[in-house]
Amino acid sequence: MQLEELKTFVTLAEVKNFTKTADKLLMSQPTVSLHIKNLEKEFNTELFQRSPKFLKITPSGQLLLNRAKEIIEIYDRAKQEILEYHHKIAGKLTIGASYTIGEYILPSLLFELQRKYPALEIEIMIGNREEILQSVRQFRIDIGFIEGEAKENELHIIPFMEEEFLVVSSSDHPLVHKEKINFSELINETWLSREVGSGNRDFLMEVLAKNGLKIKSLLTMNSIQAIKESVINGLGLSLLAQNSIKREIAHRYLAVLPIAQQSFKRSFSYVYSPIMKNNKNVEAFILVLEEQWKQT
Ligand SMILES: O=S([O-])[O-]
């Protein structure tokens, strides 16, 4: 039994005329007849008494008519509910982000997300890059943000913005007044970095290695804020994302060292499991994210 056949049957029972039914449903008269014949065959009964002058529904036709109306209504309701389900953005969305992104980039995005979808319950987890990747793999978070890219066959990793990293020192560091600094001049400096497993650490090591600089002294901290305070207090240098040091630079608590012919750019990416692709909350979040970064 097809839903279409039931719809034809209900219409014919209402208008009591094959030609008018065909016109109303935009189908041919033989199709109307075929639909009724199929139903009669399926239920093994006559649904209408036919005569050249009238068409009358039989008692079994009346039974089917009542049920057919219910079936059509339930079908339409189910269709509507599924449509609404796909369009309703509500419930929990768990986002994981590495420190720089979580503390300095994500807040403006969350503001927009909350404004657009107030029924979303957002939970943020901050961790380093390795922790975020692990949490996405284990479905502890719906979507994650990491610095750099990664080779993870079972995850979607999509770069969404580029961030400039700067070598910073305290504002009274002796090198601050030089016009240009070669990387080799930093040979005796102490570096401050995040812990192993963080994107920040990987990038610092990558930049130093590219410039042939061996670290003589390294301080490790698992907080960007702690690194900034330590640099401000003259403990050493660090390589930090521009977005994370805007205020300290504006207030001259930190100074950017003018490294000759160097720009340290790194992409930031979002990452999610392919299973999450059809999660409506993740989908909505990605849209907000892409809109926001298209504008910048
Ligand atoms: O928090 S980070 O730099 O992976």
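The name that an unreviewed UniProt entry assigns to the protein chain is HTH-type transcriptional regulator CysL, with the source organism given as Robertmurraya siralis. Of the comments in the UniProt record for the protein chain, the one headed Sequence similarities (unreviewed entry) reads "Belongs to the LysR transcriptional regulatory family."

Participant: It is not clear to me how the packing of helix H1 (residues 3–15) against helix H3 (residues 29–43) should be interpreted in this structure. Could you clarify?
Facilitator: Where H1 contacts H3, the two axes come as close as 9 Å, and the packing angle between them is 105°. The angle between H1 and H3 places the two elements in the roughly perpendicular class. Of the residues in H3, those touching H1 at Glu-4, Glu-5, Leu-6, Thr-8, Phe-9 and Leu-12 are Val-32, His-35, Ile-36, Asn-38 and Leu-39.

Participant: Would you mind going over the pattern of salt bridges with me for this structure?
Facilitator: Pairs may arise between side chains of opposite charge once their charged atoms sit close together. If you walk through the whole model with that rule in mind, you get twelve salt bridges. Among the ionic pairs, Lys-178 bridges to Glu-185, the shortest N-O distance being 2.6 Å. Of the residues examined, Lys-178 reaches a relative accessible area of 36% and is grouped as partly exposed. Accessibility expressed as a relative area gives 31% for Glu-185, which makes it partly exposed. Put simply, Arg-194 and Glu-195 hold a salt bridge, and the shortest N to O gap is 3.0 Å.

Participant: I tried to follow the layout of surface pockets on my own but got confused; where do I start?
Facilitator: Any empty space left between the atoms is revealed when a probe the size of a water molecule rolls over them. Space inside the largest pocket adds up to approximately 170 Å³. If you go around the largest pocket, the residues you meet are Glu-103, Tyr-104, Gln-225, Lys-228, Asn-243, Ser-244, Ile-245, Lys-246, Arg-247 and Glu-248. Mapped by element, the contributors of at least two residues to the lining of the largest pocket are helix H5 (99–116), helix H8 (224–232) and helix H9 (246–250). Per-element accounting of the lining of the largest pocket gives the leading share, three residues, to H9.

Participant: What should I look at first to understand the nonpolar core in this one?
Facilitator: Membership of the largest hydrophobic core comes to 45 residues, with the highest contact counts inside it found for Phe-145, Phe-183, Leu-186, Trp-191, Phe-264 and Phe-285. For this core, the elements supplying multiple residues, two or more each, are strand E3 (91–97), H5, strand E5 (143–147), strand E6 (156–170), helix H7 (199–210), strand E9 (238–241), strand E11 (264–272) and helix H10 (280–295). A per-element tally of this core places H10 first, with seven residues. Residue-level mapping places this core at the junction of two domains, with at least three residues from each of domain 2 (91–161 + 267–294) and domain 3 (163–265). Once residues lying within four places of it in the same chain are set aside, the contact partners of Phe-264 are Glu-163, Glu-164, Phe-165, Val-167, Phe-183, Phe-203, Val-207, Asn-211, Leu-239 and Ile-259. Counting residues in hydrophobic clusters, the runner-up holds 19 residues, among them Leu-3, Val-10, Met-27 and Leu-65.

Participant: How do you make sense of H7 when you look at a structure like this?
Facilitator: The periodicity of an α-helix, 3.6 residues per turn, causes residues three or four positions apart to be oriented the same way. The end-to-end C-alpha distance of H7 is 16 Å, a good match for the 16 Å that twelve residues give at a rise of 1.5 Å each. Listing the buried residues of H7 in full gives Gly-199, Asn-200, Arg-201, Phe-203, Leu-204, Val-207 and Leu-208. Positive phi appears at Gly-212, one or two residues downstream of H7, with a value of about 65°.

Participant: Even after reading the chapter, I still don't get the pairing of strand E8 (residues 217–220), so can you show me in this structure?
Facilitator: Regular strands place their side chains on alternate faces of the sheet. Taken together, the four bridges between strand E7 (residues 190–193) and E8 define a ladder with parallel strand orientation. Residue pairing for E8: Trp-191 is matched across the bridge by Leu-218. Where the polypeptide runs from E7 across H7 and back to E8, its parallel neighbour, the crossover connection is right-handed.

Cut-offs and rules
- Residues numbered from 1 in each chain as written.
- Predicted model: local features only at pLDDT ≥ 70, side-chain atom pairs only at ≥ 80, totals over all residues.
- Heavy atoms only, no water.
- UniProt positions renumbered as here; feature names shortened; annotations may be inferred.
- Axes fitted to C-alpha atoms, helices over the stretch in contact; angles between N-to-C directions.
- Helix = DSSP H or I, 4+ residues; strand = E, 2+ residues; numbered from the N terminus.
- Parallel < 35°, antiparallel > 145°, perpendicular 65-115°, else oblique.
- Contact = heavy atoms within 4.5 Å.
- Salt bridge = Lys/Arg side-chain N within 4 Å of Asp/Glu carboxyl O.
- Buried < 20%, exposed > 50% of the residue type's maximum accessible area, 1.4 Å probe, protein only.
- 1 Å grid on protein atoms, 1.4 Å probe; cavity = no way out; pocket = protein on both sides within 12 Å on 5 of 7 lines; lining within 4 Å.
- Points joined across faces, edges and corners; volume = space filled by probe spheres on them.
- Core = buried A, V, L, I, M, F, W, Y, C linked by side-chain atoms within 4.5 Å.
- Domains from an automatic or database assignment.
- Expected span 1.5 Å × (residues − 1).
- Pairing = 2+ DSSP bridges.
- Right-handed = clockwise from strand over helix to strand, strands pointing away.

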